[in-house]
Amino acid sequence: MELFNLKHPSERVSFTQALSLGLGRDRGLFFPSKIPVLEDVEALLALPFVERSQKVLGAWLAPELGQALVNELVEAAFDFPLPLHRVDDQRYSLELFHGPTLAFKDFGARFMAQCLSRLSGKAKLTILTATSGDTGAAVADAFYGLDGVQVVVLYPKGKISLLQEKMFTTLGRNIHTLAINSDFDACQALVKQAFDDPQVRDGLHLNSANSINISRLLAQICYYFEAVAQYRKQHQDSPVIAVPSGNFGNLTAGLFAKAMGLPVKRFVAATNSNDTVPRYLEGRQWVPNNTVATMSNAMDVSEPSNWPRVEAIFAHQGWDLNELTGLALDEDATRASLKALERDGYVSEPHAAIAAAALSQTLADDERGIFLATAHPAKFKDVVDRELGLNLPLPEALAAVAAKPVLSAELPADFALLKAHLLERLM
């Protein structure tokens, strides 16, 4: 598999190199030189999830890694269910929160960890990542206890739910967590600065587990195929898919799936009040505002780093960017959607509620669609309980960490201080 740097197309790497580097020169994102098109997609949709995923990822990786290794990586990473739940006559929810950290990030993080453990040899690595909520837990769980791997997670202090925080800040050992006194965009900027600093990047052998790493995006392609496979057991048309969008890695994976031949009618990019992309799609001006805190905190991103890949896919496929719908919901609309879903008998959380409402607003009378449920409602227990008047029971994974102390250090959004902290603790 060959990939090139979107900022410097002459920089070309293999999948193994992209996996290790994370980013290209000048923070450029790696993008595939060719998107494989699958033969007989309908036959693939009839296969079980793991077997189908092995074939889907084999189309990308088998020429470089061999199909046997791809099969092993997939089987080890994807060992939990992802049910499609009927909400009403027009909408289905793809529940992606049945993995070990109760969020969709488990798919990409576990696959990336399997790839690194098999392909990096005995090289020591430091995984440096920023999280607006669920990435931190998924990455920490996937890499916890792996020999030769240190994990550093930056997150915005006070801007993620306490239970989200507890899932990755209570582990210790090779998991190091830093609460940054700013927002997610500042955390992400610090990560990028670290990769631009040779002393930090080379001295600590940095790699990133954010959705900028191509391995995570490839893994996420697989659940779009599963969504349509389950949908096709009941309907023969192609669904509309609404994606709760923050850093836009999730949508990028869906667009890759469609480019491979998956029958999706269109995508809806659903955001909260951090609406850079919906405004851009409407007026074609990229004007990020200051990030605002919302109850859907994993989407509190004003400068989504994966957006260049979205535009690159549309260009590669010759698609019109006008075919992508962008919708932003404010806090009142999010609350209304949470309550409407509960009236339909479906308890959700803010991110999925935004996608559900955006889907409803864009479906024609003769259309049906799927929205992605990216996290277990109990990860946002404070919000869900407050808005719906409930007392959600904690699933075992959350109950196990609820009383544990947070082990994070606290830093301002200052790269010099972050650099000193990393070099002192990890060198």
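Looking up the protein chain in an unreviewed UniProt entry gives the name Threonine synthase, with the organism given as Shewanella cyperi. UniProt annotates the protein chain under Sequence similarities (unreviewed entry) with the comment "Belongs to the threonine synthase family." For the record of the protein chain, the UniProt heading Pathway (unreviewed entry) holds the text "Amino-acid biosynthesis; L-threonine biosynthesis; L-threonine from L-aspartate: step 5/5."

**Focus on the overall build of the protein chain**
What the protein chain contains, in helices and strands, is 18 helices and 14 strands. Principal axes of the C-alpha set define a box for the protein chain whose edges measure 60 × 50 × 45 Å. Among the 427 residues that make up the protein chain, the fraction classed as buried is 61%. On the protein chain, the mean spot of the 39 positive side-chain charges and the mean spot of the 49 negative ones are 3 Å from each other.

**A closer look at the sheet that holds strand 4 (residues 84–86)**
Within the open sheet, the six strands sit side by side as 4-5-13-10-11-12. Their pairing is mixed. The sheet is open, and its two edges are formed by strand 4 and strand 12 (325–328), each paired on a single side. This sheet shows a mean twist of 25 degrees between the axes of neighbouring strands, independent of strand direction. As paired strands, strand 11 (residues 266–271) and strand 12 are joined by four bridges and run parallel to one another. Following the sheet pairing, alanine 270 is matched in strand 12 by leucine 327. Strand contacts of helix 12 (residues 276–283): strand 11 and strand 12, with the helix running at about 130 degrees to strand 12, the strand carrying the most contacts. Sitting on the sheet, helix 15 (residues 350–362) is in contact with strand 5 (91–95), strand 10 (240–244), strand 11, strand 12 and strand 13 (369–373), with an inclination near 165 degrees to strand 13.

**Re the pairing of strand 6 (residues 125–130)**
Extensive coverage of strand 6 is indicated by the burial of six of its six residues. Both faces of strand 6 are covered, namely the face carrying Leu125, Ile127 and Thr129 and the face carrying Thr126, Leu128 and Ala130. Across six bridges, the pairing between strand 6 and strand 7 (residues 149–156) is parallel. Paired with threonine 129 across the two strands is valine 153, which belongs to strand 7. The parallel pair strand 6 and strand 7 is bridged by helix 6 (residues 134–143), and the resulting crossover is right-handed. With two bridges joining them, strand 6 and strand 9 (residues 206–207) adopt parallel strand pairing. Each residue of the ladder has a partner; that of threonine 126, found in strand 9, is leucine 206.

**Quick look at the packing of aromatic side chains**
If you walk through the whole model with that rule in mind, you get 19 aromatic pairs. A centroid spacing of 4.8 Å and a plane angle of 65 degrees characterise the contact between phenylalanine 80 and phenylalanine 107, whose relative ring orientation is edge-to-face. In this pair, phenylalanine 80 is assigned in the loop between helix 4 (67–77) and strand 4 and phenylalanine 107 in helix 5 (residues 105–119), connecting sequence segments 27 residues apart. There is no split in this pair, since phenylalanine 80 and phenylalanine 107 are both buried. Both rings, one in tyrosine 155 and one in phenylalanine 168, keep their centres 5.2 Å apart while their planes meet at 90 degrees; by these two values the pair is edge-to-face.

**So, the side chain of threonine 276**
Relative to the helices and strands, threonine 276 is located in helix 12. When its relative accessible area of 3% is taken as the criterion, threonine 276 is described as buried. Of note is the side chain of threonine 276, whose polar atom sits 2.6 Å from the backbone oxygen of serine 302. What threonine 276 contacts, discounting residues up to four positions off in sequence, is Trp286, Val287, Pro288, Asn289 and Ser302.

**Overview of the nonpolar core**
Counting residues in hydrophobic clusters, the biggest one holds 102 residues, and the most contacted among them are Phe78, Phe111, Phe143, Ile221, Tyr224 and Phe225. Top element by residues in this core is helix 10 (residues 214–232). It accounts for 13 residues. Residues contacting isoleucine 221, with those up to four places away along its chain left out, are Val56, Trp60, Ala253, Phe256, Ala257 and Met260. Membership of the second largest hydrophobic core comes to 29 residues, among which are Phe97, Leu341, Ala356 and Phe371.

**Some details on the sheet that holds strand 7**
The parallel open sheet is built from five strands, whose spatial order is 9-6-7-8-14. This sheet does not close on itself; its edge strands, each paired only once, are strand 9 and strand 14 (409–411).

**Considerations on helix 11 (residues 249–260)**
The end-to-end C-alpha distance of helix 11 is 17 Å, a good match for the 16 Å that 12 residues give at a rise of 1.5 Å each. Burial runs high along helix 11: 11 of the 12 residues are buried. Considered for burial, the residues of helix 11 that qualify are Gly249, Asn250, Leu251, Thr252, Ala253, Gly254, Leu255, Phe256, Ala257, Ala259 and Met260. Of the residues flanking the end of helix 11, it is glycine 261, one or two places downstream, whose phi is positive at about 120 degrees.

**Observations concerning the UniProt feature "domain: Threonine synthase N-terminal" (unreviewed entry) in the protein chain**
Mapped onto the present numbering, the UniProt feature "domain: Threonine synthase N-terminal" (unreviewed entry) falls at residues 10–78. A distance of 34 Å separates the end C-alpha atoms of residues 10–78, which is 58% helix and 9% strand.

**Description of the pairing of strand 5**
Counting buried residues in strand 5 gives five out of five residues, a clear majority hidden from the surface. The two faces of strand 5 match: Arg91, Ser93 and Glu95 on one face and Tyr92 and Leu94 on the other face are all buried. Pairing of strand 4 with strand 5, which is carried by three bridges, proceeds in the antiparallel orientation. In the sheet register, leucine 84 faces strand 5, and the bridge partner there is leucine 94.

Reading the values: rules and limits
Residues numbered from 1 in each chain as written. Predicted model: local features only at pLDDT ≥ 70, side-chain atom pairs only at ≥ 80, totals over all residues. Heavy atoms only, no water. UniProt positions renumbered as here; feature names shortened; annotations may be inferred. Helix = DSSP H or I, 4+ residues; strand = E, 2+ residues; numbered from the N terminus. Buried < 20%, exposed > 50% of the residue type's maximum accessible area, 1.4 Å probe, protein only. Lys, Arg positive; Asp, Glu negative; His and termini not counted. Charge placed at Lys NZ, Arg CZ, Asp CG, Glu CD. Pairing = 2+ DSSP bridges. Axes fitted to C-alpha atoms, helices over the stretch in contact; angles between N-to-C directions. Contact = heavy atoms within 4.5 Å. Right-handed = clockwise from strand over helix to strand, strands pointing away. Phe/Tyr/Trp six-rings, centres within 6.5 Å; stacked < 30°, edge-to-face > 60°. Polar contact = N/O pair within 3.5 Å; in protein donor to acceptor, adjacent residues only side chain to side chain. Core = buried A, V, L, I, M, F, W, Y, C linked by side-chain atoms within 4.5 Å. Expected span 1.5 Å × (residues − 1).

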